[in-house]
Amino acid sequence: MRLSVLLSAVVCLLVFSCTKKDEIKTTHLTNSRVAEIRLWLSEKASKIRTTEEKNRFADLNRHLQYEKLKTEELKNGEKMILVPVDTLYTSGLISQNNAALVLLLFETKSGAIKKGNLVHYQSPTVNHYSRIPVNSFQNLYRSLPMPDCSVKFYTLTERFLYDFTYQNGTLQQFDVLKSHKKAIPTEDGCIDWYLQTYENGILVSEVYVFSTCGSYVEDGSGGSQVYTGVGIQTITDQLTNPCLKSVLNQATASNMNNQVNVMLQTVFGSTEDANITIKEVTNLPADTDASHTASGTPGNTYFNSVINLNVNILPSTSQEYIAATIYHEIVHSYLTYNGTYGELTQHQAMAESYVDHMASSLMQLFPNMELYTATALAWQGLQGTTAWNNFAAAHPADAALYNSINTAHRAGSTGTDCN
Ligand SMILES: [Zn+2]
């Protein structure tokens with residue numbers, strides 16, 4: 001929080017660290033599941049509009065390899081089902097040369113299929129379904145590191161929706177077909193479609209592709225993901241230091257209905273396109289307690305925020321100080337998500353509007369904490385702001401007290417020890 005390094009929301013790379021290794025979940029083929037998929041596909045077929053598309057879709061259905069069906073966990077018990085398309089499917093529009101073509105279905109928690117896409121997966125090492133790394137789609141949806149690859153999503157009738165290009169573990173490019181200006185139809189009822197290209201989360205180009213009259217995406221084909229983003233709502237704790245982990249768990253527990261935790265849970269715990277990761281780092285300067293980075297375009301494609309806690313410093317501070325640091329960084333991430341950029345700009349906003357919220361949040365977390373201690377900790381990191389300068393000019397004794405409280409908590413000489 002003090003001198004916290006806020007990298008601009010639009011120029012940062014995601015910082016990936018360790019990833020959770022999930023076991024491959026291979027589902028034994030059950031006739032009922034295949035029957036269910038076939039039923040769902042036949043319902044979709046009835047909604048396809050042109051004969052050409054109907055014929056192609058019927059051919060695709062003949063080349064689905066149900067015996068190679070796999071599942072991956074999406075979130076909260078929801079599953080993705082992968083059914084490969086064999087290479088004898090040649091009437092399709094999507095080239096299968098040196099790539100894998102997969103029918104990707106999304107199941108609700110109760111096991112009902114809710115949508116599906118055709119997905120084209122290509123990489124230097126993947127030229128076949130059997131070579132797609134375990135949990136690739138789970139990792140994609142969780143914004144976890146991916147090997148070098150290109151993953152393209154299509155409707156069931158092979159209309160392009162969006163694609164991802166990963167290099168060196170990070171998402172280098174994301175293309176998405178979007179209708180312009182909130183899909184307001186032109187006078188003749190048609191919609192213009194544009195291909196937007198994002199590099200490292202920044203929109204770098206938007207090119208008109210075509211117009212459609214009538215819907216572009218058939219019902220149930222998963223096209224709606226284009227509008228709501230591709231991520232899933234995730235708050236990821238990658239901390240390993242037991243003290244930092246314990247404080248984070250308490251500060252963000254579900255019974256903490258304080259303002260800061262509610263901000264965290266509202267944005268990152270329940271928004272499909274916003275994720276946050278909290279991790280520890282060793283490369284921050286000694287006077288910097290934490291930093292926050294972000295990538296993506298809030299409300300547009302996806303948004304990922306990473307909070308880095310300085311593990312060289314924080315474990316020797318008080319638990320109160322650690323919690324204040326975490327809450328401070330959560331407010332940074334929240335402000336970035338809502339389009340307030342720049343460290344000083346965010347600090348001004350925090351100093352003007354969030355000090356009381358942060359203080360009362362700390363007092364919920366530490367019920368015995370005095371108001372002046374909570375207020376002091378909430379001000380930490382905001383001393384360069386206009387609001388602080390005004391406060392310090394008007395109340396020099398209080399300002400000095402707050403600074404001394406923060407110094408003592410940072411030194412670990414007061415407050416709750418972290419071990
Ligand atoms: Zn800060």
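Residues numbered from 1 in each chain as written. Predicted model: local features only at pLDDT ≥ 70, side-chain atom pairs only at ≥ 80, totals over all residues.

A. Here's a closer look at the overall build of the chain. Per the secondary structure count, the chain includes 12 helices and 14 strands. Across the 419 residues in the chain, those meeting the buried criterion constitute 41%. Contacts in the chain between residues at least 24 apart in sequence constitute 66% of all its contacts with a sequence separation of at least 6. (Helix = DSSP H or I, 4+ residues; strand = E, 2+ residues; numbered from the N terminus. Buried ≥ 20, exposed ≤ 12 C-beta atoms within 10 Å, placed from the backbone. Contact = placed C-beta atoms within 7 Å.)

B. Quick peek at the nonpolar core. In terms of nonpolar packing, the biggest core is built from 50 residues, with A323, Y327, V331, M358, L362 and A378 touching the most fellow members. Looking at which element gives the most residues to this core, the answer is helix α7 (residues 319-337), with 11 residues. Contacts of A378, omitting those with residues within four sequence positions, involve A324, V355, M358, A359 and L362. The next biggest cluster of nonpolar side chains, apart from the first, holds 41 residues, and it includes L69, I81, F153 and Y154. (Core = buried A, V, L, I, M, F, W, Y, C linked by C-beta atoms within 7 Å.)

C. View of the confidence of the model for the chain. On average, residues of the chain carry a pLDDT of 81, and 81% of them reach 70 or more. Note on residues 222-233: pLDDT is under 50 here. Beyond four places in sequence and across chains, it has 39 contacts. (pLDDT = per-residue confidence, 0-100.)

D. Up close: helix α1 (residues 31-45). Taking 1.5 Å per residue, 15 residues should reach 21 Å; α1 reaches 21 Å between its end C-alpha atoms and fits that length. Among all positions in α1, only I37, L41 and K44 are buried. In an axial view of α1, the angular spread of the buried residues amounts to 55°, which keeps them on one side of the axis. Turned more than 90 degrees away from the buried face of α1, the exposed residues are N31, S32, A35, L39, S42 and E43. Close packing links the buried residues of α1 with α2 (51-62), β3 (78-84), β4 (100-107) and β5 (113-122). (Expected span 1.5 Å × (residues − 1). Arc of directions from axis to C-beta.)

E. Examining the pairing of strand β12 (residues 274-281) more closely. Most of β12 is tucked away, with six of its eight residues classed as buried. The sheet contact formed by strand β11 (residues 234-237) and β12 spans four bridges and is parallel. Each bridged residue has a counterpart across the sheet, and for T236 the counterpart in β12 is T277. Pairing of β12 with strand β14 (residues 303-310) involves eight bridges; the strand directions are parallel. In the strand pairing of β14, I276 is matched with S305. (Pairing = 2+ DSSP bridges.)

F. Layout of the packing of helix α5 (residues 242-251) against α7. In contact at an axis separation of 10 Å, α5 and α7 are set at 60° when each is read in the N-to-C sense. One way to sum up the angle between α5 and α7 is to call them oblique. Judged by the sense of rotation from one axis to the other, the crossing of α5 with α7 is right-handed. Touching L244, V247, L248 and A251 of α5 are Q319, I322, A323, I326 and Y327, all from α7. Each residue belonging to the contact of α5 with α7 can be placed in one class, and the counts come to eight nonpolar, one polar and no charged. (Axes fitted to C-alpha atoms, helices over the stretch in contact; angles between N-to-C directions. Parallel < 35°, antiparallel > 145°, perpendicular 65-115°, else oblique. Left-handed = near helix turned anticlockwise from the far one by under 90°. Nonpolar A, V, L, I, M, F, W, Y, C, P; charged D, E, K, R; others polar.)

G. Molecular detail of the environment of T277. The topology assignment puts T277 in strand β12. Counting along the chain gives 16 residues from T277 to T293, while the straight-line C-alpha distance between them is 9.9 Å. Apart from residues lying up to four places away in sequence, T277 is in contact with T236, Q238 and V306.

H. Structural view of helix α6 (residues 259-267). Restricting attention to buried positions, one finds in α6 the residues V260, N261, M263, L264 and V267. Around the axis of α6, the buried residues are gathered within 155° of arc, so they sit on the same side. Turning to α6, the residues buried within the fold contact β11, α5, β12, α7 and α9 (355-365).

I. Looking closely at the environment of L105. Along the chain, L105 falls in strand β4. Given 22 C-beta atoms within a 10 Å radius, L105 is considered buried. Between the C-alpha atoms of L105 and L118, which are 13 residues apart in sequence, the distance is 8.7 Å. When residues no more than four places from it in sequence are discounted, the contact partners of L105 are I37, M80, I81, I113 and G116.

J. Focus on unusual backbone geometry. Backbone geometry at N135 places phi at a positive 60°, although glycine is not the residue there. Along the chain, N135 falls in the loop between β5 and α3 (136-141).

K. Inspection of the environment of I405 at higher detail. Summarising the element assignment, I405 is placed in helix α12 (residues 396-411). I405 gets classed as buried once you count the C-beta atoms within 10 Å, which come to 23. Between the C-alpha atoms of I405 and Y372, which are 33 residues apart in sequence, the distance is 9.2 Å. Discounting chain neighbours no more than four positions away, the residues touching I405 are T373 and A376.

L. The arrangement of the packing of α7 against α9 in detail. Remark: α7 packs on α9, axes separated minimally by 10 Å, with the N-to-C direction vectors making an angle of 135°. Comparing the axis directions of α7 and α9 gives the class oblique. Here α7 and α9 pass one another in a crossing that is right-handed. Residues E320, A323, A324, Y327, H328 and V331 of α7 lie in contact with α9, whose contacting residues are M358, S361, L362 and L365. Of the residues assigned to the contact of α7 with α9, the class counts are seven nonpolar, two polar and one charged.

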